[in-house]
Amino acid sequence: MLLSDTIQTAYKAIIVHRMRSLLTMLGIIIGVGSVILMVSVGRTFENYILDQVETFSNNLIEVYPTGFEKFGRTTDSLTFEDAEAIANLTTVENVAPVIFIREKVQYGTEELSPLIFGSTSVFLGNYGLKLDKGRLIDESDEKSARSVAVIGSEAANTLFGNRDPIGERIRIGSRFYTVVGVLQSLGSALLQDMDTVVTVPFSTARAITGKHQLDYMSMTSKGDDDLALADIQSTLRQRHGIDNPEEDPDKDDFIARSSAQATEIIGQVTLGLTIFLGLIAGISLLVGGIGIMNIMLVAVTERTREIGLRKALGARRKDILLQFLIEAVTLTLIGGVIGIIGGVGFGLLITAVADKLLGSVSFSLSLSALLLSFAMAMTIGLVFGLYPAKKAANLRPIEAIRWDR
Amino acid sequence: MPKNNAPLIQTVKLCKSYFNDELETPVLFDMDLTINEGEFVSIMGPSGSGKSTLMHILGFLDGPTSGKFLFKGEQTMQMNDDELARIRATRVSFVFQAFNLLPRTTVLDNVMLPLLYHPSIPASERRDRSLNAIESVGLTDRADFFTNQLSGGQQQRVAIARSLVTDPDIIFADEPTGNLDSTSGNQVMEVLQKMHTDDNRTIILVTHEHETAMHAERIIHLTDGRIDSDTTNFKRARASKAKSLNK
Ligand SMILES: Nc1ncnc2c1ncn2[C@@H]1O[C@H](COP(=O)(O)OP(=O)(O)OP(=O)(O)O)[C@@H](O)[C@H]1O
Ligand SMILES: [Mg+2]
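Residues numbered from 1 in each chain as written. Chains lettered and ligands numbered in written order. Predicted model: local features only at pLDDT ≥ 70, side-chain atom pairs only at ≥ 80, totals over all residues. Heavy atoms only, no water.

From N to C terminus, chain A includes 13 helices and 14 strands. Counting only C-alpha atoms and orienting by the principal axes, one finds that chain A spans roughly 105 × 55 × 35 Å. For chain A, the residues scored as buried account for 50% of the 405 residues in total. Sequence separation of at least 24 residues holds for 80% of the intrachain contacts in chain A that already meet a minimum separation of 6. For chain A, the exposed area adds up to about 19300 Å²; of that, 60% sits on carbon and sulfur atoms. In chain A, which carries 37 positive and 44 negative side-chain charges, the distance between the mean positions of the two groups comes to 16 Å. (Helix = DSSP H or I, 4+ residues; strand = E, 2+ residues; numbered from the N terminus. Buried < 20%, exposed > 50% of the residue type's maximum accessible area, 1.4 Å probe, protein only. Contact = heavy atoms within 4.5 Å. Areas by Shrake-Rupley, 256 points an atom, 1.4 Å probe, with all protein chains shown as cover. Lys, Arg positive; Asp, Glu negative; His and termini not counted. Charge placed at Lys NZ, Arg CZ, Asp CG, Glu CD.)

See the structure below:
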């Protein structure tokens, strides 16, 4: 039999059994497409989130009060004096105590509900925020508890549009503040939009809220995060009278965490997400594979008889096997390619929507998922397409024609 | 190499058993049978006597359990898949009671199918040969129909056209009229008869009907896997002799 005849025979068989061919391809499309989609979307978000964390300076350390949830204490466990004590440590620098002001910001008819940080001059630097126009909050603002504010680029846009914000007066709660500086755009970090922040001097925030306790404090280590964290923990435990040599976080009334740790934890969470999605995708590949198997096994009786007839008419074993090989390769290739296009296409679509909503999300294709799922589908298609054909081709023609199982 | 004077088909002590899970069902016993080129043979016998089994072995669709089966003097037991395929493609063809056409495929494609596996007929001749075969069974106007759009008699004629198209030495027909009414049955028999008388082709036919069997010049009766009687149908034999003398 000529190769061209075998190819033509295979394609005729695909078209004659178009329903079965379509269902086979569908199984492959679903399997390959979903694996690529799930794993790539998982990876895309993993990358996005890690990106968010890495925006922060590498040595960032944050300390939060946690007393509220434990032992009936309140969250008011961190004080300004704690911050001063920590500032005296040799392993940390740029210690910035923070008090939040929970008010709206107004300018004319424009209104904004940003995060309002009351903190010292080093605060912005800890988060990599840089000045675009005007000046930063300085020592003298702090000393005199002046009503001045430095605002993020997006906050400036919303409140002032094209106007120059420097020197303008905004209202926070019932008081007016003069805008002295506007920050450069940073995008979002840790899923928070860093461009809508508003900062005022720490002393001003303390005076307005009347709070003595801190909402949290941020600082940077002088190089060794672990050393710095150990220092902070022992200082705070000592000051708060907590005996916790076994380092049980439940006994502390605070949490000290470095951004490296956060990156690690978030990395683990997102990796978990990717694995989870990969697992779901693996299940769909399995389901798709079982679908392919089913269709091919259901077709075995019919196809065994066809093979018997072809052999009765003079087909050699190799003619049969080549025909079925071409059939299986064609179906799995077409199905695989459509699956890849579909998976990547949906992935790009989801990424585009996410980019619109979150910003700076870029699609990350998982090449290994692509190759693996394609190889799996190909194997399933070939094995379950060829194995019954091989068995049938080894039968005597009449045995195959009378096949009834 | 085929011996010049060797009969077309010769079996010596041919036996056939079926095996299902160690269970042996013997069907044919020590069958000695010779069929020469150009004969028209009918095989008759009660149901289960082994007619189909014998046909399948002689038609290269199955193998014997023991004994010899010589085709043109050549031993067939030792042939490999390629050699068997070659004989099926070029020398013998089979008409089944159940037609066995490819579904969802046209009459023309069905008739052309054996030519795909024929080692020497060039691709350029396939279409004309197939159309000729279709014409000889009177289905030219149905060539582009799908086989499921035909009556049973028409489907059997397609099967006969398919068996003709490779110009084989022998055509085996296992109850070709068994599924047909008498009118379509007669049409099918006319075609087979014509293939024998016009082309001097060897035909081996299994049938239950006496009237159908009487088309042949020789009638073999099987009972319980043995040849019961092997007789000449003088009416036909004389007619065919007269015809060949006239030529
Ligand atoms: N695959 C098989 N396995 C076991 N026994 C079989 C098999 N095929 C046929 N037989 C047995 O062989 C015997 C002969 O069967 P065969 O089909 O040759 O009969 P037949 O003469 O053609 O009958 P019919 O006139 O009904 O077609 C029967 O008894 C049948 O049961
Ligand atoms: Mg029978």
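Below, the discussion takes up unusual backbone geometry. The residue A:Asn94 is not glycine, and still its phi comes out positive at about 55 degrees. Structurally, A:Asn94 can be placed in strand 2 (residues 92-101). The phi torsion at B:Asp30 lies on the positive side, around 35 degrees, for a residue other than glycine. Structurally, B:Asp30 can be placed in strand 2 (residues 23-35).

Residues in contact with ligand 1 amount to 14 residues; listed here are only the nearest, B:Ser47, B:Gly48, B:Lys51, B:Ser52 and B:Thr53. One chain alone does not account for the residues near ligand 1; they come from chains A and B. B:Gly50 places a polar main-chain atom, nitrogen or oxygen, 3.0 Å from an oxygen atom of ligand 1. A distance of 2.7 Å is found between an oxygen atom of ligand 1 and a side-chain nitrogen or oxygen belonging to B:Ser52. Starting from 640 Å² of accessible surface for ligand 1 in isolation, the protein chains cover 66%. (Near = heavy atom within 4 Å. Polar contact = N/O pair within 3.5 Å; in protein donor to acceptor, adjacent residues only side chain to side chain.)

The subject of this paragraph is the sheet that holds strand 5 (residues 74-75) of chain B. Residue and element names in this part refer to chain B. Pairing is antiparallel in the open sheet, where four strands are placed in the order 2-1-4-5. Taken across any chain shown, the strands that pair with only one partner, and hence form the sheet edges, are strand 2 and strand 5. Across five bridges, the pairing between strand 1 (residues 9-20) and strand 4 (residues 66-71) is antiparallel. Its bridge partner being in strand 4, threonine 11 is matched across the sheet by phenylalanine 69. (Pairing = 2+ DSSP bridges.)

Time to look at the packing of helix 10 (residues 300-312) of chain A against helix 12 (residues 367-394) of chain A. All names here are of chain A. It is the contact of helix 10 with helix 12, at a shortest axis distance of 9 Å, that shows an interaxial angle of 40 degrees. Judged by the inter-axis angle, helix 10 sits oblique to helix 12. Crossing of helix 10 against helix 12: the hand is right-handed. Where helix 10 abuts helix 12, its residues Val300, Thr304, Ile307 and Lys311 lie against Pro388, Ala389, Ala392 and Ala393. (Axes fitted to C-alpha atoms, helices over the stretch in contact; angles between N-to-C directions. Parallel < 35°, antiparallel > 145°, perpendicular 65-115°, else oblique. Left-handed = near helix turned anticlockwise from the far one by under 90°.)

Attention shifts here to the sheet that holds strand 10 (residues 226-232) of chain B. All names here are of chain B. If you walk across this open sheet you meet the six strands as 6-7-8-3-9-10, and the pairing is mixed. This sheet does not close on itself; its edge strands, each paired only once, are strand 6 (92-95) and strand 10. On average, each strand axis in the sheet is tilted by 15 degrees relative to the strand beside it, whichever way the strands run. Pairing analysis gives four bridges linking strand 3 (residues 40-44) to strand 8 (residues 202-206), with the strands arranged parallel. The partner of isoleucine 43 across the bridge, within strand 8, is valine 206. The strands touched by helix 6 (residues 182-199) are strand 3, strand 7 (170-174) and strand 8; relative to strand 8, the strand with the most contacts, the crossing angle is about 150 degrees.

This paragraph deals with the packing of aromatic side chains. Each pair of aromatic rings is reported with the distance of its centres and the angle of its planes. Residue and element names in this part refer to chain A. As enumerated under the stated definition, the model contains eleven aromatic pairs over all chains in all. Ring geometry for phenylalanine 80 against phenylalanine 202: centres 5.1 Å apart, planes inclined by 25 degrees, an arrangement best described as stacked. Placement of the pair is phenylalanine 80 in helix 3 (residues 80-87) and phenylalanine 202 in helix 7 (residues 202-209), with a sequence separation of 122 residues. Taken as a pair, phenylalanine 80 and phenylalanine 202 share a single burial class, namely buried. (Phe/Tyr/Trp six-rings, centres within 6.5 Å; stacked < 30°, edge-to-face > 60°.)

What follows is about empty space enclosed by the protein. Residue and element names in this part refer to chain A. Inspection of every chain in the model, using the stated rule, returns three cavities of 30 Å³ or more. Considering only enclosed or pocket space, the largest cavity measures out at about 210 Å³ in volume. Arg20, Met296, Arg303, Phe324 and Gly385 are the residues nearest the centre of the largest cavity, which is lined by 18 residues in total. Of all elements in the fold, only helix 2 (18-54), helix 10, helix 11 (317-358) and helix 12 reach the threshold of two or more residues within the lining of the largest cavity. No other element matches the five residues that helix 12 contributes to the lining of the largest cavity. Tallied by class, the residues present in the lining of the largest cavity amount to eleven nonpolar, four polar and three charged. (1 Å grid on protein atoms, 1.4 Å probe; cavity = no way out; pocket = protein on both sides within 12 Å on 5 of 7 lines; lining within 4 Å. Points joined across faces, edges and corners; volume = space filled by probe spheres on them. Nonpolar A, V, L, I, M, F, W, Y, C, P; charged D, E, K, R; others polar.)

In this section: the interface of chain B and chain A. Taken together, the 27 residues of chain B in the interface contact 26 residues of chain A. Each partner contributes to the roughly 2300 Å² buried at the junction of chain B and chain A, and carbon and sulfur atoms together form 56% of this total. It is B:Asp81, B:Arg104 and B:Tyr117 in chain B that bury the most area against chain A; as a group they hold 28% of the surface buried on that side. Summed over the shared surface of chain B and chain A, the result is six salt bridges. Linking A:Lys12 and B:Asp109 is a salt bridge whose minimum nitrogen-to-oxygen distance equals 3.6 Å. One can count eight residue pairs in polar contact (both at pLDDT 80 or more) joining chain B with chain A. Looking at the side of chain B that touches chain A, the elements that each hand over two or more residues are strand 1, helix 1 (51-58), helix 2 (81-90) and helix 3 (107-116) of chain B. Residue contributions to the side of chain B that touches chain A peak at five residues, all from helix 2 of chain B. (Buried area = accessible area lost by both parts, 1.4 Å probe. Salt bridge = Lys/Arg side-chain N within 4 Å of Asp/Glu carboxyl O.)

A few words now on a nonpolar patch on the surface. All names here are of chain A. The grouping of Leu3, Ile7, Tyr11, Leu322 and Leu325 at the surface amounts to a nonpolar patch, some 390 Å² of accessible area in total. If you list the elements that add at least two residues to the nonpolar patch, you get helix 1 (3-16) and helix 11. The element that contributes the greatest number of residues to the nonpolar patch is helix 1, accounting for three residues. Within the secondary structure layout, tyrosine 11 lies in helix 1. The class for tyrosine 11 is partly exposed, based on a relative accessible area of 38%. (Patch = residues over 30% accessible without salt bridge, like charges linked within 9 Å, V, L, I, M, F, W, Y side chains within 5 Å.)

Per the domain assignment, the segments making up chain A are domain 1 (3-53 + 265-402) and domain 2 (78-252). For domain 1 of chain A and domain 2 of chain A, the distance between their C-alpha centres works out to 54 Å. (Domains from an automatic or database assignment.)

Counting 46 residues, the largest nonpolar core has B:Ile9, B:Ile43, B:Leu54, B:Phe172 and B:Ile204 as the members making the most contacts within it. With five residues, strand 2 of chain B is the largest single contributor of residues to this core. Not counting the four nearest positions on each side in its chain, B:Ile9 is found in contact with B:Leu33, B:Thr34, B:Ile35, B:Leu58, B:Phe69, B:Leu70, B:Phe71, B:Ile170, B:Phe172 and B:Ile204. Grouped together as the second largest cluster of nonpolar side chains are 39 residues, A:Ile101, A:Phe160, A:Tyr177 and A:Val182 included. (Core = buried A, V, L, I, M, F, W, Y, C linked by side-chain atoms within 4.5 Å.)

With that settled, the discussion passes to the pairing of strand 9 (residues 218-223) of chain B. Residue and element names in this part refer to chain B. The pairing of strand 3 with strand 9 spans four bridges and is parallel. Pairing of isoleucine 43 across the sheet is with isoleucine 220, part of strand 9. As judged from the six bridges shared by strand 9 and strand 10, these two strands associate in the antiparallel manner. Residue pairing in the sheet places leucine 222 in a bridge with isoleucine 227 of strand 10. Between strand 9 and strand 10, which pair antiparallel in sequence order, lie two residues; one of them, aspartate 224, sits at a positive phi of approximately 50 degrees.

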